[in-house]
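Each chain, written out:
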Amino acid sequence: MSKKIRVRFAPSPTGPLHIGGLRTALFNYLYAKSFGGDFILRIEDTDKKRYVSKSEQHILDSLKWCGLTIDEGPENEGNYGPYRQSERKELYHLKIQELLKSGHAYYAFDKKEDLDFHRKNHEQEGKTFIYNAHNRLKLKNSLSLDDKEVQQMLNEGQEFVVRFKTPEKTEIVCEDLLRGTVRVSAETLDDKVLYKSDGMPTYHFANVVDDNAMKISHVIRGEEWLPSLPIHWLLYDAFGWKERPEFIHLPLILKPTGKGKLSKRDGELIGFPVFPIKWSSDKGEVLGYREAGYLPSATINFLSLLGWNPGGEKEIFSLSELVSSFSVKGLNGSGSRFDPDKNLWFNHQHLQLTSDDVLAKCLEKELVKKGIDSKEKNLTKIAALVKPRLNLLSDLVNVSLFFFKDPEVYNEKALRRFNNEEDLLLLSSLFVYFKTIDPFNAREIKKSLEGYISENNWSFGKALGLLRLAMVGELSGPDLFSLLEELGKETSEKRANSLINILKA
Ligand code: GLU
């Protein structure tokens, strides 16, 4: 039987979930689900200084909004809990003892000032201070001190860290499914701190211990963790674990223009959301994709194509289609540029796939919020009419407002264009002609009006433009005949009359 696929998304709760993090979560989810595997959420909260309490909830709510269902996590524990690292201290304590006993780790008592001193000295000589085989015997640790002395310091409760004893003169050869073989000389690595005297592990240690304990088969994470791969690799060796997970380091998401990785500031500058859902803190509230009117399906679809190429022409995918199409082969090694316009385009496409009834419900909710009466209206029909004009769900009321309210302002340019005797006469004739159209439905309106306009040799563009301006206040909008039907004869006449009066004035 092949091994069960188990992946984890392992964010540190240091703030809101950023869309870069969401993409990492998404690729983990897609990978797991494409094999019928498990998607695990592990909260890596060992760094108390950077801990932000609302962050975990933001991560959970964001994943929920996107439909990335968690199989095991802090809210739904599986067999490998707890799922917050701060609740797994006993395991780390046991595991660090194991490495201390086997000689793969050692206690170090160096004070911060001493290390700073060495660092400065090295810098002055143009060198970099690395705490490893070069100098560890000259520093204050259980390798350089005798056992009694070490025991005494521990008994006295002196502050310490436990460092990894990086093997000497070896080349570490690691594998990444996307990037192939990565070779690093051990000389360039420092003896990483794994554990501190306050009982807290560091990221590297807890991460590896947990991936092993939680039977993670694939570690899929951002490229920024690639430099940590060698130390993680060595930790597996040190524990004597024969099996490592497979590693995939995802390419960066790049800024819309210029160099470097996408940041929160790019969103602020250009005006697009960088969080899936809103983030509130003492500094205020930042809206997310949800609040800006993006659909979760569109957000996910767009993100999936940042760093992954499904092959072929198809661009629009639902989450389940992504699951069935996803494969590591389609992942790109190099960064993908974030394009806010493309983001909007995906949202437009997904809105077109949304049913009229669903849109009608959203519209109703928004109208109620704004205190606009829609009782007599066929919202499903209105939703269908305005759908092609929607880029954001939040545009819904704006693009359909004229169905509920007479125009208060008219497009200035259009008013100037139609401000002459001839056009006034044309509109007045159309207004009178309205009365004869029966039944007042789109088909009949189209047939009658077109016949009437051509009998009189009027320009279609002008006649229909005038009517549209009267109904909408603009020269653009949904199909004119359907919109006249929806407004009804009485309202249509009233609006035509209002424009006649304005043009007269
Ligand atoms: N806690 C790390 C982070 O915040 C996780 C890195 C990893 O997935 O190994 O991104």
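It should be emphasised that the depicted structure is a prediction, and the values quoted were computed from it without experimental measurement. (Residues numbered from 1 in each chain as written. Predicted model: local features only at pLDDT ≥ 70, side-chain atom pairs only at ≥ 80, totals over all residues. Heavy atoms only, no water.)

Novice: Teacher, can you tell me more about the overall build of the protein chain here?
Specialist: Helix and strand counts for the protein chain come out as 20 helices and 13 strands. Here the C-alpha atoms of the protein chain give a radius of gyration of 32 Å, more than 25% beyond the 23 Å that 2.2 N^0.38 yields for 505 residues. When the backbone C-alpha atoms are referred to their principal axes, the protein chain occupies close to 110 × 55 × 35 Å. For the protein chain, restricting intrachain contacts to residue pairs at least 6 apart in sequence, the fraction spanning at least 24 positions comes to 73%. Carbon and sulfur atoms form 50% of the exposed surface of the protein chain, whose accessible area is close to 25200 Å². Across the protein chain, 72 positive and 72 negative side-chain charges occur, with their mean positions spaced 1 Å apart. (Helix = DSSP H or I, 4+ residues; strand = E, 2+ residues; numbered from the N terminus. Rg over C-alpha atoms; globule rule 2.2 N^0.38 Å. Contact = heavy atoms within 4.5 Å. Areas by Shrake-Rupley, 256 points an atom, 1.4 Å probe, with all protein chains shown as cover. Lys, Arg positive; Asp, Glu negative; His and termini not counted. Charge placed at Lys NZ, Arg CZ, Asp CG, Glu CD.)

Novice: So what exactly am I meant to see when it comes to the site of the ligand here?
Specialist: Near the ligand the following residues occur: Arg8, Ala10, Ser12, Glu44, Tyr203, Asn207, Arg221 and Trp225. In this structure, Asn207 approaches the ligand through a side-chain N or O atom, which is 3.0 Å from an oxygen atom. Compared with its free state, where it exposes 300 Å², the ligand has 84% of that area covered by protein. Here the ligand is seated within the largest pocket. Per-class residue counts for the shell around the ligand are three nonpolar, two polar and three charged. (Near = heavy atom within 4 Å. Polar contact = N/O pair within 3.5 Å; in protein donor to acceptor, adjacent residues only side chain to side chain. 1 Å grid on protein atoms, 1.4 Å probe; cavity = no way out; pocket = protein on both sides within 12 Å on 5 of 7 lines; lining within 4 Å. Sits in = over half its atoms within 2 Å of the grid points. Nonpolar A, V, L, I, M, F, W, Y, C, P; charged D, E, K, R; others polar.)

Novice: I keep staring at helix α2 (residues 55-66) and nothing clicks. Help me out?
Specialist: Structurally, the α-helix is built with 3.6 residues per turn, so residues lying three or four positions apart point the same way. End to end, α2 covers 17 Å across twelve residues, agreeing with the expected 16 Å (1.5 Å per residue, within 8%). Along α2, the positions that sit buried rather than exposed are Ser55, Glu56, His58, Ile59, Leu60, Ser62, Leu63, Trp65 and Cys66. Once α2 ends, the next one or two residues include Gly67, with phi positive near 80°. (Expected span 1.5 Å × (residues − 1). Buried < 20%, exposed > 50% of the residue type's maximum accessible area, 1.4 Å probe, protein only.)

Novice: Looking at this structure, how should I read the packing of helix α3 (residues 89-102) against helix α6 (residues 203-213)?
Specialist: Between two packed helices, both the angle of their axes relative to each other and the distance between the axes serve to describe the pair. Orientation of α3 relative to α6, taken along the N-to-C sense of each, is 100°, at an axis distance of 11 Å. With respect to each other, α3 and α6 are oriented roughly perpendicular. Together, Leu91, Tyr92, Lys95, Ile96 and Leu99 of α3 and Phe205, Ala206, Val209, Asp210 and Ala213 of α6 make up the contact between the two elements. Residue classes in the contact of α3 with α6 are distributed as eight nonpolar, no polar and two charged. (Axes fitted to C-alpha atoms, helices over the stretch in contact; angles between N-to-C directions. Parallel < 35°, antiparallel > 145°, perpendicular 65-115°, else oblique.)

Novice: When you look at the pairing of strand β6 (residues 180-185) in this model, what are you seeing that I'm missing?
Specialist: Along any regular strand, the residues point their side chains to alternate faces of the sheet. Inspection of the sheet shows strand β5 (residues 171-176) paired to β6 by six bridges, in the antiparallel sense. By the bridge assignment, Cys174 is partnered in β6 with Val182. Linkage of β5 to β6, two consecutive antiparallel strands, is achieved through a turn of three residues. (Pairing = 2+ DSSP bridges.)

Novice: Looking at this structure, I do not really get α3. What am I missing?
Specialist: Between its first and last C-alpha, α3 extends 20 Å over 14 residues, near the 20 Å set by a 1.5 Å rise per residue. Structurally, α3 contributes buried residues whose contacts are with β3 (105-108), β4 (161-164), β7 (193-196), α6 and α7 (229-239).

Novice: I tried to follow the side chain of Arg6 on my own but got confused; where do I start?
Specialist: Along the polypeptide, Arg6 turns up in strand β1 (residues 6-9). In this structure Arg6 comes out as buried when scored by relative accessible area, which is 4%. In this structure the side chain of Arg6 is engaged in a polar contact, spanning 2.9 Å, whose partner is the backbone oxygen of Met214. A polar side-chain atom of Arg6 sits 3.5 Å from the main-chain carbonyl oxygen of Lys215.

Novice: Got a minute to help me understand the packing of aromatic side chains in this structure?
Specialist: One pair of aromatic rings is described through two measures. These are the centre distance and the angle between the planes. Applying the stated criterion across every chain, the model contains 23 aromatic pairs. With a centroid separation of 5.1 Å and 85° between ring planes, the pair formed by Tyr107 and Phe160 is classed as edge-to-face. Placement of the pair is Tyr107 in strand β3 and Phe160 in the loop between α5 (147-155) and β4, with a sequence separation of 53 residues. Judged on exposure class, the residue Tyr107 and its partner Phe160 are both buried. Three or more aromatic residues joined by ring pairs make a cluster, and in this case those are Phe272, Phe302, Phe338, Trp345 and Phe346. We note Lys48 situated over the ring of Tyr51; from NZ or CZ to the ring centre the distance is 4.7 Å. The ring centre of Tyr131 lies 3.8 Å from the NZ or CZ of Arg163, which sits over that ring. (Phe/Tyr/Trp six-rings, centres within 6.5 Å; stacked < 30°, edge-to-face > 60°. Lys NZ or Arg CZ within 6 Å of the ring centre and 35° of its normal.)

Novice: Help me understand the nonpolar core in this model?
Specialist: Grouped burial of nonpolar side chains is what soluble globular proteins tend to show. Among the nonpolar cores identified, the biggest contains 54 residues, and Phe403, Phe434, Leu449, Met471 and Leu499 are the most heavily contacted of them. If you tally residues by element for this core, the top one is helix α20 (residues 480-504), at nine residues. If you look at the next biggest cluster of nonpolar residues, it comprises 50 residues, including Leu17, Leu30, Ile43 and Val328. (Core = buried A, V, L, I, M, F, W, Y, C linked by side-chain atoms within 4.5 Å.)

Novice: Please explain the environment of Val432 as it appears in this structure.
Specialist: With respect to the helices and strands, Val432 occurs in helix α17 (residues 421-434). For Val432, a relative accessible area of 53% corresponds to the exposed category. As a C-alpha pair, Val432 and Lys314 span 118 residues in sequence and 51 Å in three-dimensional space.

Novice: Got a minute to help me understand the sheet that holds β7 in this structure?
Specialist: Pairing between the strands of a sheet is mediated by backbone hydrogen bonds and can be parallel or antiparallel. Within the open sheet, the three strands sit side by side as β3-β4-β7. Their pairing is antiparallel. Strands with a single pairing partner mark the edges of an open sheet, and in this sheet they are β3 and β7. Looking at each pair of strands side by side, their axes are set apart by 30° on average, direction ignored. Pairing analysis gives three bridges linking β4 to β7, with the strands arranged antiparallel. When the bridges of β7 are listed, Val161 appears paired with Lys196.

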